[in-house]
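# A structural walkthrough
Listed below are the residues making up each chain.
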Amino acid sequence: MLDLDTLATGIGMRDQHMKEKYLEIAKFKSAVLRLKQIELPGAVFVPASGTKVTREGWLTLHGIEKPVQVEMSFERNGERVKCVSKFKVKLSDHEIAIPSFSGITVANEVDIVAETSVPAALLEAEEK
């Protein structure tokens, strides 16, 4: 789950418009990504660096749930595992108005990249 109020572009006015006019965070406070299958190949859950997988999931954004294909890549750095997830979102699928200003318009389909890092110990499983 992502608290949409935490999004920041670095430009205050753009952030305000994004949150109030387009994402309508007063009504839709968060976005939620649920994956259908999270198991990774191998005897233990900790993926080897460079592992890439694609998983089906569902994104709830602006109150609307839609299926997504999420590409995930993993890098182990000592005692931590970083996961980078990438997927595409069509703003129109979630009934989000397409931002436009001075002849510049945001594309209907946008790329989403989410990065997280967790201690490897949280992912380790006993070999079967």
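Placed above this text is the structure.
Residues numbered from 1 in each chain as written. Predicted model: local features only at pLDDT ≥ 70, side-chain atom pairs only at ≥ 80, totals over all residues. Heavy atoms only, no water.

Glancing now at the overall build of the protein. When its secondary structure is counted, the protein shows 1 helix and 8 strands. Of the regular secondary structure in the protein, the N- to C-terminal order runs β-α-β-β-β-β-β-β-β. Evaluated residue by residue, the protein yields a buried proportion of 27% over its 128 residues. Taking the intrachain contacts of the protein between residues at least 6 apart in sequence as the baseline, contacts between residues at least 24 apart amount to 51%. (Helix = DSSP H or I, 4+ residues; strand = E, 2+ residues; numbered from the N terminus. Buried < 20%, exposed > 50% of the residue type's maximum accessible area, 1.4 Å probe, protein only. Contact = heavy atoms within 4.5 Å.)

Positive phi, normally seen in glycine, also occurs at Glu-95, with a value near 55°. Along the chain, the position of Glu-95 falls in the loop between strand 5 (80–90) and strand 6 (100–101). Among the residues examined, Glu-95 registers a relative accessible area of 63% and is labelled exposed. Positive phi is not limited to glycine here, since Ser-102 has a value of about 50°. On the secondary structure map, Ser-102 appears in the loop between strand 6 and strand 7 (104–105).

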